[in-house]
Amino acid sequence: MTRRLENTSPIKVAGLNHWFGTGDARKQVIWDVNLSVTRGSLTVLMGPSGSGKTTVLTLMGCLREVHDGSVQLLGAELNGATEADAVALRRRLGFIFQAHNLHESLTASQNVLMGLEVHGRGDPAQQMRAAHHALELVGLADRLYYLPANLSGGQKQRVAVARALVSNPEIMFADEPTAALDKASGRTVVEILKSLGRERGTTTVMVTHDNRILELADRIVTLEDGRIVDDV
Ligand SMILES: Nc1ncnc2c1ncn2[C@@H]1O[C@H](COP(=O)(O)OP(=O)(O)OP(=O)(O)O)[C@@H](O)[C@H]1O
Ligand SMILES: [Mg+2]
């Protein structure tokens, strides 16, 4: 039964509230968010700047402590989870952020390898094959040994996508992964995430302001002032 629930809904959020600050500065920024995400789907979080998209994404992605309400991630409750539980869960997740955070002194391949080293598994030759395969998937087979300084913005973003997917995460969390890209490159990144959903059942939750890629979403959730105001 638990197994089935996990398969159908890798993320279940119920009655989620969140505050920032302490004392007089304490301010509620997330109000009663409820959301159940289907395995293998692509969910887009939209909304004005400051509406709480990144806060909700980081709460769901186990990057921020859940204080009030429930977030069930891959069957585990995050509210009250220990740091050890959180670390184990994060190993099953992938993250892509707008600031791609590539190491400037490492080649594309080495940057992607970093995505495996934090997971600490596999032998080196196998890891290298996996890194090259991930770079092939994002269309960078001919840029394996380039340094970030010699790649375009879109190519760097795709290296960051390869780094996130090389460990075969069950859920991919992405915060404005296409913001720095032109329409075609942005679409490519989202299409890669969609194909992961079809082929591996990877679930993606993505924050975007980019109207041009909304047509690729299975579901669009809109936040305003920390509340879900639309869910289609
Ligand atoms: N670390 C923090 N401390 C205090 N307030 C914060 C913190 N992080 C975010 N906030 C506040 O919480 C609210 C939601 O911020 P959040 O970053 O989630 O918005 P967002 O929808 O991602 O916006 P953007 O589109 O600009 O990235 C904002 O009012 C913001 O000022
Ligand atoms: Mg944000």
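Residues numbered from 1 in each chain as written. Chains lettered and ligands numbered in written order. Predicted model: local features only at pLDDT ≥ 70, side-chain atom pairs only at ≥ 80, totals over all residues. Heavy atoms only, no water.

1. With respect to the overall build of the chain
As a reminder, the rule being used: In DSSP terms, a helix is any run of H or I states spanning at least four residues, a strand is any run of E spanning at least two, and both are numbered starting from the N terminus. Only the C-alpha atoms count toward the radius of gyration. The rule for a globule is 2.2 Å times the residue count to the power 0.38. Any residue under 20% of the maximum accessible area for its type is buried, any over 50% is exposed, and the rest in between are partly exposed; the area is computed with a 1.4 Å probe on protein chains only. Contacts are assigned to residue pairs with any non-hydrogen atoms lying within 4.5 Å of each other. Calculation of accessible area relied on Shrake-Rupley with a 1.4 Å probe; when residues are assessed, cover is drawn exclusively from the protein chains displayed.
If you tally the helices and strands in the chain, you get 7 helices and 10 strands. Taking 2.2 N^0.38 as the reference for a compact globule, 232 residues should give roughly 17 Å; the C-alpha atoms of the chain span a radius of gyration of 18 Å, in line with that estimate. With the principal axes as the frame, the chain shows a C-alpha extent of 50 × 35 × 35 Å. The buried share of the chain, taken over its 232 residues, is 50%. Taking as baseline every contact in the chain between residues at least 6 positions apart, the subset at least 24 positions apart corresponds to 70%. Accessible area of the chain: about 11,000 Å², with a carbon and sulfur share of 50%.

2. Section: the site of ligand 1
Defined as follows: Note on definitions. A residue lies near a molecule or strand when any single heavy atom of the residue is within 4 Å of it. Any pair of N or O atoms that falls within 3.5 Å is considered a polar contact. Within protein, one atom must be able to donate a hydrogen and the other to accept it, and sequence-neighbouring residues count only if both atoms are side-chain atoms. Under the scheme applied, nonpolar residues are Ala, Val, Leu, Ile, Met, Phe, Trp, Tyr, Cys and Pro; charged residues are Asp, Glu, Lys and Arg; polar residues are all the others, including Gly.
Ser49, Gly50, Lys53, Thr54 and Thr55 are the nearest of the 13 residues found near ligand 1. In the model, an oxygen atom of ligand 1 is placed 2.8 Å from a nitrogen or oxygen of the Gly50 main chain. Within the backbone of Gly52, one N or O atom sits 3.0 Å away from an oxygen atom of ligand 1. Of the residues forming the shell around ligand 1, the biggest block, 3 residues, is contributed by helix α2 (residues 53-60). Taken together, the residues that form the shell around ligand 1 break down as 3 nonpolar, 7 polar and 3 charged.

3. Details of the pairing of strand β1 (residues 11-20)
The condition is simple: Here, a strand pair is defined by DSSP locating no fewer than two bridges between the strands.
Sheet analysis places β1 next to strand β2 (residues 27-37), joined by 7 bridges and oriented antiparallel. Residue pairing across strands places His18 opposite Ile30, the latter belonging to β2. Between β1 and the antiparallel strand that follows it, β2, lie 6 residues; Gly21 among them carries a positive phi value of about 85°. The pairing of β1 with strand β4 (residues 68-73) spans 5 bridges and is classified as antiparallel. Paired with Asn17 across the two strands is Asp68, which belongs to β4.

4. A short note on the pattern of salt bridges
The following threshold applies: Salt bridges are defined as contacts in which a side-chain nitrogen from Lys or Arg sits within 4 Å of a carboxyl oxygen from Asp or Glu.
All chains considered together, the criterion is met by 7 salt bridges. Arg143 serves as the salt-bridge partner of Asp142, at 3.2 Å between the closest nitrogen and oxygen. With relative accessibility at 22%, the residue Arg143 sits in the partly exposed group. Residue Arg187 pairs with Glu215 through a salt bridge whose shortest N-O separation is 2.9 Å.

5. A word on the packing of aromatic side chains
Test applied: The pairing test for Phe, Tyr and Trp rings, Trp by its six-membered ring, is centres within 6.5 Å, and the orientation test on the planes gives stacked under 30 degrees, edge-to-face over 60, and tilted for anything in between. For a Lys NZ or an Arg CZ to count as sitting over a ring, it must be within 6 Å of the ring centre and within 35 degrees of the ring normal.
One pass over the structure, following the stated rule, counts 2 aromatic pairs. Measuring from ring centre to ring centre gives 6.2 Å for Phe95 and Phe97, while their planes differ by 10°; the resulting arrangement is stacked. Relative to Phe173, the ring of Phe95 lies with its centre 5.9 Å away and its plane at 20°, an arrangement referred to as stacked. With Phe95 in strand β6 (residues 93-97) and Phe173 in strand β7 (residues 171-175), this residue pair connects regions lying 78 residues apart in the sequence. Grouping aromatic residues by their ring pairs yields a cluster made of Phe95, Phe97 and Phe173. For the cation-ring pair, Arg143 lies above Tyr146, with the distance from its terminal atom to the ring centre recorded as 4.8 Å. Taking NZ or CZ as reference, Arg227 lies 4.5 Å from the ring centre of Trp31, over its face.

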